[in-house]
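# Remarks on the overall topology
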Amino acid sequence: MLTVSEENLINNCINNFLKNNKSVDVANLKLKIWDYAKLLSNNGELNEDNINEILNDLSILEQDISFERDWALNKIVDTDLCAKCGTCSVVCPNDLVNFQERPYISEDCLRKGNGMCMEVCPRTITGSYDVRNRLDSFEEYHYAKSDIKGQSGGVITKLLQCLLDDGEIDGAIVIGANEWKPVSMIVTSSEGLFNNNTSKSKYAISSLQAVRKAGEMGLEKIAVVGLPCQVAGLRNIQYHKYISKHGAERGKNGKPAKIPKIEYVLGLFCTEKFEYSELVDKVNSLDISMDDVSKCDVKGKNFIISTEDEDYPISLSEINASPGCLMCRDFDAELADISFGDKGSPDGFSTIIVRTEKGRIIEKYFDLHDDVKLDEIEFMRNFKRKRFNKEVSRRKDNGEFNSYFYIWQHGGVGSAQNNKVYIRFRTTIGGYYAPETLMKISEVAKKFNAKIKLTSREEIEIQDVDLCDVENLVAEFEDDDIMINGTEGPLFRSIMACPGQQYCNLGLIDTNELASEIERDYAEKPANYKFKLGITGCPNRCLAVTTTDFGINGIKIPKTADNCNGCGRCQDVCKVDAIEVRGDTSITNYGICVGCGKCVKACPNDAKKVKFEGYSIFIGGKGGRETIVGRQLNVKTKQEVYDTLEAVFEIYNELSIKPQKERLAHTIKRVGDLYFFNRVEEYKSKLKK
């Protein structure tokens, strides 16, 4: 990214050059100069002599830029899948990724690009399912306008002004322009919003390199305005450690790229974007210059180029969109905190979609109206979906590469061997499936020539599915109650529960009721790593509740009443030999008793009473590579179970490190039992107040 002083330097040099070169194509000259100048700036070599050297020998612009280096993202760029969002250029710790109408690396990479640049690319993985869970996303539709003159009501500019003035952010990353060439810029004061042509919509390719520059400048909190593809990339950066299962990549200096906290992600409605050179050609064909252009807009099927005196409509069919846009189906930046556009709102207003709790801050600064025309937004969404599906089919028919980045929109889809995937359904409460559901799953599996597997956690998987069939297979279940979603990843997994007292003679608690209430509050709730919960109705523990993150079973501890006659029936039914009859009474060894309650039920003389009845909880158990038995805690009421679960879950997420590596058992071991459980009890005490 260029600083303001560097921009002024380039403009001064170009203006001096043009005094003696009247016939030069100014727009194309500036396009090339600006991109090359960024390379010089990154290398600390941008000065007046270098700029003048380029201007005096324009052939320099054709040198030193190689797209042939071995880079993992070449398979995305070279096959026109690249969204040209610029996310990859933000995260490289060695600053190797540059952007000139397309991303490329300026020198050989030791990892050959198998690092963060690839992992945050929204065309290798969207991470959208995991992100939505962490954002707890929703949709609220409004429209508003501001007192600032700008395209679609100037709402974004006004919002950024308020956030800067109130100290909510230290800077904003916006798209400015030089000759309508989009430039990623940092604005640190509200005055800067009005000095860099930031309030007008640009339809050409832009990068996010200013995000990186903001970190290097020492800014701590920023807001970023971006297109849907850029929003997806920014979210991948924010949640990289969860999506890619490790921390930030470190460079040769042992440090990751310095990126500030992205406090607000503001998304723009977008149908498509264009190569800057394509726009220059269209402007030239109208016998006007880029200097004359005052506004660009999309209206219906036309792209409108406006001067102060006239509007020039050009059919969108006559302008080639950036090829990667054909593989985008996100019209309204669905992963943003707030999305903005003009579809659905009156002229002069901005449509506003609040998507997260953080996004509600806009309510502080604007009078919001609610009668948004949702059909206009849905029409554009459908347009992009149809275009996306058409491009997917075209690629399949022509045997062209497709990264299938979009299958991660569905949380229950996972990759398997030989370019196959599996579709996993979240366990139903108690593991009970309606016959119709099983028939439907069987029919769909047969239709797609796939297999069915029952997992160890009572889940059903359709396996051996071709990548190209995922979307169609998932669509088969759109109208069904069964959930294809987050049984994978760092979140609260499917709850396992035995039949309990509703169906089993041994059950002491209603496992299905308990599971349903926990599922309501915790299903797919984000965690540092997978968090498993199991419930059994009695201490027989038909499920492995002692070796799961949070296990629950019902218990009933007996005591002997005075009317015991020593008949010995309780001793007969005790499976663990915890009861001994002495004379005319029975004695319970509480060091052995597991609390199954069989003796209470079996006593013919009603002489076995209940000493303690409730729930036994096991915290921090683990199976898999190593087996760890959880710490046991007995509580009396369901409310105590809920409070303990909330406390354990929240304290775990607070204290845990190494996302997707450190389970609850390892967090407890690292911080110590005493400290962890003291924190849990402190949390529970606050809940009771």
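From a predicted model like this one, the values you see are computed outputs, not experimental measurements.

### Let's talk about the overall build of the protein chain
- A tally of regular secondary structure across the protein chain gives 21 helices and 23 strands.
- As displayed, the protein chain offers around 31400 Å² of accessible surface, 46% of which is attributable to carbon and sulfur atoms.

### Remarks on the environment of Lys299
- Position of Lys299 among the secondary structure elements: in strand β8 (residues 295-299).
- Along the primary structure Lys299 and Pro313 are separated by 14 residues, whereas in three dimensions their C-alpha atoms are 8.8 Å apart.

### Regarding the pattern of salt bridges
- With the rule as written, the count across this model stands at 44 salt bridges.
- The residue Glu461 makes a salt bridge to Arg424 at a minimum N-O spacing of 2.6 Å. Of this pair, Glu461 sits in strand β16 (residues 460-466) while Arg424 sits in strand β14 (residues 420-425), placing them 37 residues apart in sequence.
- Where Arg631 meets Asp673, a salt bridge forms, and the shortest distance between an N and an O atom there is 2.9 Å. Highlighted residues: Arg631 in strand β23 (residues 631-635) and Asp673 in helix α21 (residues 673-688), separated in sequence by 42 residues.
- With relative accessibility at 25%, the residue Arg631 sits in the partly exposed group.
- Overall, Asp673 belongs to the partly exposed group, its relative accessible area being 35%.

### Section: a nonpolar patch on the surface
- Among the surface-exposed residues, Val576, Ile592 and Val594 lie close enough to one another that they form a single nonpolar patch of about 190 Å² accessible area.
- On the secondary structure map, Val576 appears in the loop between α17 (569-573) and β20 (579-582).

### What to know about the sheet that holds strand β17 (residues 496-497)
- Taken together, 5 strands build an open sheet; the order of strands is β17-β18-β19-β22-β23 and the sheet is mixed. Looking at which strands have only one partner, the edges of the open sheet turn out to be β17 and β23.
- As paired elements, strand β22 (residues 608-619) and β23 share 5 bridges and run antiparallel to each other. Paired with Tyr615 across the two strands is Val635, which belongs to β23.

### Regarding the environment of Lys447
- Here Lys447 is to be found in helix α14 (residues 435-447).
- Distance in space between the C-alpha atoms of Lys447 and Leu473 is 9.0 Å, their sequence separation being 26 residues.
- Only 2.5 Å separates the side chain of Lys447 from the side chain of Glu476, close enough to count as a polar contact.

### Some points on helix α20 (residues 664-671)
- Of all the residues in α20, the buried ones are Leu664, Ala665, Thr667 and Ile668. Each buried residue of α20 sits inside an arc of 165° when the element is viewed along its axis, so together they form one side.
- If you follow the buried residues of α20, they end up packed against β22, β23, α19 (638-655) and α21.
- After α20 finishes, the residue Gly672 shows a positive phi value of roughly 100°.

### Details of the sheet that holds β14
- Ordered in space as β13-β14-β16-β15, the 4 strands form an open sheet in which the pairing is antiparallel. Two strands in the sheet have a free side with no partner beyond their single neighbour: β13 (413-415) and β15 (451-454). In this sheet, neighbouring strand axes are inclined to one another by 30° on average, regardless of whether the strands run parallel or antiparallel.
- One ladder, built from 4 bridges, connects β15 with β16; its direction is antiparallel.

### Here's the deal with the environment of Lys453
- Looking at the secondary structure, you find Lys453 in strand β15.
- Exposure remark for Lys453: the relative accessible area of 40% places this residue in the partly exposed category.
- When the C-alpha positions of Lys453 and Arg424 are compared, they lie 9.4 Å apart, and in sequence the two are 29 residues distant.
- Excluding residues within four positions of it along the chain, Lys453 makes contact with Glu459, Ile460, Glu461 and Gln463.

### A few points about the nonpolar core
- Residues Trp71, Tyr406, Ile423, Phe425, Ile462, Leu473 and Phe477 are the most contacted members of the largest nonpolar core, which totals 40 residues.
- Secondary-structure elements contributing two or more residues to this core are α4 (74-77), α13 (374-398), β14, α14, β16 and α15 (470-475).
- Those residues in contact with Leu473 that lie beyond four places of it in its chain are Ile423, Val444, Phe448, Ile462 and Val465.
- Core analysis: the next-biggest nonpolar cluster, separate from the first, contains 33 residues, Phe531, Leu645, Tyr652 and Phe676 among them.

What counts and how
Residues numbered from 1 in each chain as written. Predicted model: local features only at pLDDT ≥ 70, side-chain atom pairs only at ≥ 80, totals over all residues. Heavy atoms only, no water. Helix = DSSP H or I, 4+ residues; strand = E, 2+ residues; numbered from the N terminus. Areas by Shrake-Rupley, 256 points an atom, 1.4 Å probe, with all protein chains shown as cover. Salt bridge = Lys/Arg side-chain N within 4 Å of Asp/Glu carboxyl O. Buried < 20%, exposed > 50% of the residue type's maximum accessible area, 1.4 Å probe, protein only. Patch = residues over 30% accessible without salt bridge, like charges linked within 9 Å, V, L, I, M, F, W, Y side chains within 5 Å. Pairing = 2+ DSSP bridges. Polar contact = N/O pair within 3.5 Å; in protein donor to acceptor, adjacent residues only side chain to side chain. Arc of directions from axis to C-beta. Contact = heavy atoms within 4.5 Å. Axes fitted to C-alpha atoms, helices over the stretch in contact; angles between N-to-C directions. Core = buried A, V, L, I, M, F, W, Y, C linked by side-chain atoms within 4.5 Å.

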